[in-house]
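# Descriptive structure summary
Next come the chains, spelled out residue by residue.
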Amino acid sequence: MKRVQITGKSVRKFEDGYPIVSLTDLENHNDFEDGAWVQLENHGHFVATAYFAKQHRGIGYVLSLRENEAIDERFFAGKLRAAAARRSAFADVAAYRLFNSVGDNLGGLTIDVYNGIYVFRWENQALKQQSRLIYSAFDRIVGKAFPIVSVSAGQEKAQLVRGDLGKQPMTIMENGIAYPVDLTSGRQQLALEFRDIRDWVKADSAQKRLLNLFSAETGVVTAAMVGGAVEAVTVDPTNRATTATQAQLDANNLDQAAVEMRTMDVANYLDYAVKHELTFDTIAINPPAFVRGKKRAFTLEQDLQELLEQALKLTHTGSQVLVTTTTPTYNLKRLRQTVNDAVENYTGSVSVSTTFQSPADFQSNAADRHSESLKGLLLTIV
C-alpha cells in the first residue's frame, strides 16, 4: 500500500475522527492518485488508512486509524453489522436508510431499503471497485436472499446486481400514504430523510392552502393533500417535479384539480404571487444548491435570503414557513443566520417554532459538521 505524507496540521483532525481527505492535507499534491488505497503518515508515523477518489467533496476518505487493520471482507462486514444494529427499530419500515456513508464510518457508500430491496449508491468509482468484497460482507450480515440494485454517481439507470425487482414502479407505503418509486432509475424519487417532515405536514394540513417551492421528491404536496389540505400550488423549474407529483397524487386517488403544478422559475412565481396579493397557510421551501431556470439561475448561497423575504410576503398571521436544505455545506447554523437576516427585513413578527433534522436512520458523524443530511426550520407568523 502506497505511503503518503500528510501535514502536521492534518494529523489531529484525522485522529479526532474527521473522515474526509483534502488535497491540502497532502505534503505533495502529486501524491494524489485516483482509486489508490494509501497509508497516511506524518514524519514516518502512521496516521490512517484511506483511499483516494475523484468526488464532489475532498479527494478521498479515511478508512481506519488502526495501523494493522486489514481492509477486507471482515472489515466491511464490521461496518455493516454496526449499521444494521443501529437500524433495528426500522425493521418494519417500508423504506429507510441502512447505511449512511461517513455517518456509518465508510465514506462513499449509502444503502437504502425499499420493501426489502437494497439500493447501493456509490459516490465514487474507487470504492465501487471493492464492490465484490462489500457485497460478500453484506451477505454475511443481511443475507443472500434479498435483491440488490447498484447506482453510481451521475448514473441515469440503476444496475440490477441480483434478484427480481418485480413490477416497477413499486409502491412504498409510509404513514398511510402511497409513494411510487421506480428502482430501475438512478435518480432518487422519494427523499427518505424527509420522513418526519412528511408526517408533520400530513398532521398539520387540514383545511389549509399550501405553497411548495422546489423538490417534488420531498413528497410534501402529497402528504398535505392526504392530510386534508384544500388546495396546493407547487412550483419547480424542472419538468420531472410535475411528473413526480402527478404520479404521487394518482397513487393516492387524489383530485389533481386541487393541485396547481407550475414548471417555471420560482422567483418569477413569487413576483407574480406578491403582485396578486396571494397568501398561503403553509409554505414549504427546499431549494437545491444550484438550479438553472428558463430565465434565472438560483444559487443557494446567494439567493436564499431574497427568496425567503419574498415568501414571507405571502403569509398572514398563523401562517407557517418550512425552509429546509440537504446541501452538505449549508449547515443549520448558516440556515439560522439566513433566516434571521430575512426576518429582519419583514414588518411582521416571526418565531422559529421547530427545528427539523434527519431521522435516526440517517446517522451522522460528529466530527464532520457537513454530514447531517437534512437541516430545517419552521417559522410561524405571530
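Residues numbered from 1 in each chain as written. Predicted model: local features only at pLDDT ≥ 70, side-chain atom pairs only at ≥ 80, totals over all residues. Heavy atoms only, no water.

As annotated in an unreviewed UniProt entry, the protein is SAM-dependent methyltransferase from Levilactobacillus koreensis.

## Re the nonpolar core
Ranked by size, the top nonpolar core spans 39 residues in total, and within it Tyr114, Ile172, Leu183, Ile197 and Met225 carry the most contacts. Of all elements in the fold, only β8 (117-122), β9 (148-152), β11 (170-174), β12 (177-181), α5 (195-203) and α6 (220-226) reach the threshold of two or more residues within this core. For this core, the element with the most residues is α6, which contributes five residues. (Core = buried A, V, L, I, M, F, W, Y, C linked by side-chain atoms within 4.5 Å. Buried < 20%, exposed > 50% of the residue type's maximum accessible area, 1.4 Å probe, protein only. Helix = DSSP H or I, 4+ residues; strand = E, 2+ residues; numbered from the N terminus.)

## Re the packing of helix α9 (residues 300-312) against helix α10 (residues 332-344)
Working note: a packed helix pair is described by the angle between its axes plus the distance between those axes. Their axes nearest at 9 Å, the elements α9 and α10 cross at an angle of 45°. Accordingly, the angle class assigned to the pair α9 and α10 is oblique. Crossing of α9 against α10: the hand is right-handed. Note on element contacts: α10 touches α9 through Arg334, Leu335, Thr338, Val339, Asp341, Ala342 and Val343, opposite Glu301, Leu304, Gln305, Leu308, Glu309 and Leu312. Considering only residue class, the contact of α9 with α10 consists of seven nonpolar, two polar and four charged. (Axes fitted to C-alpha atoms, helices over the stretch in contact; angles between N-to-C directions. Parallel < 35°, antiparallel > 145°, perpendicular 65-115°, else oblique. Left-handed = near helix turned anticlockwise from the far one by under 90°. Contact = heavy atoms within 4.5 Å. Nonpolar A, V, L, I, M, F, W, Y, C, P; charged D, E, K, R; others polar.)

## What about the sheet that holds β9?
Judged by pairing direction, the sheet is mixed, and its five strands sit side by side in the order β6-β7-β8-β9-β10 without closing on themselves. At either end of the open sheet lies a strand with only one pairing partner, and these are β6 (95-100) and β10 (159-162). On average, each strand axis in the sheet is inclined to that of its neighbour by 25°, with strand direction left out of account. Sheet analysis places strand β7 (residues 109-114) next to β8, joined by six bridges and oriented antiparallel. (Pairing = 2+ DSSP bridges.)

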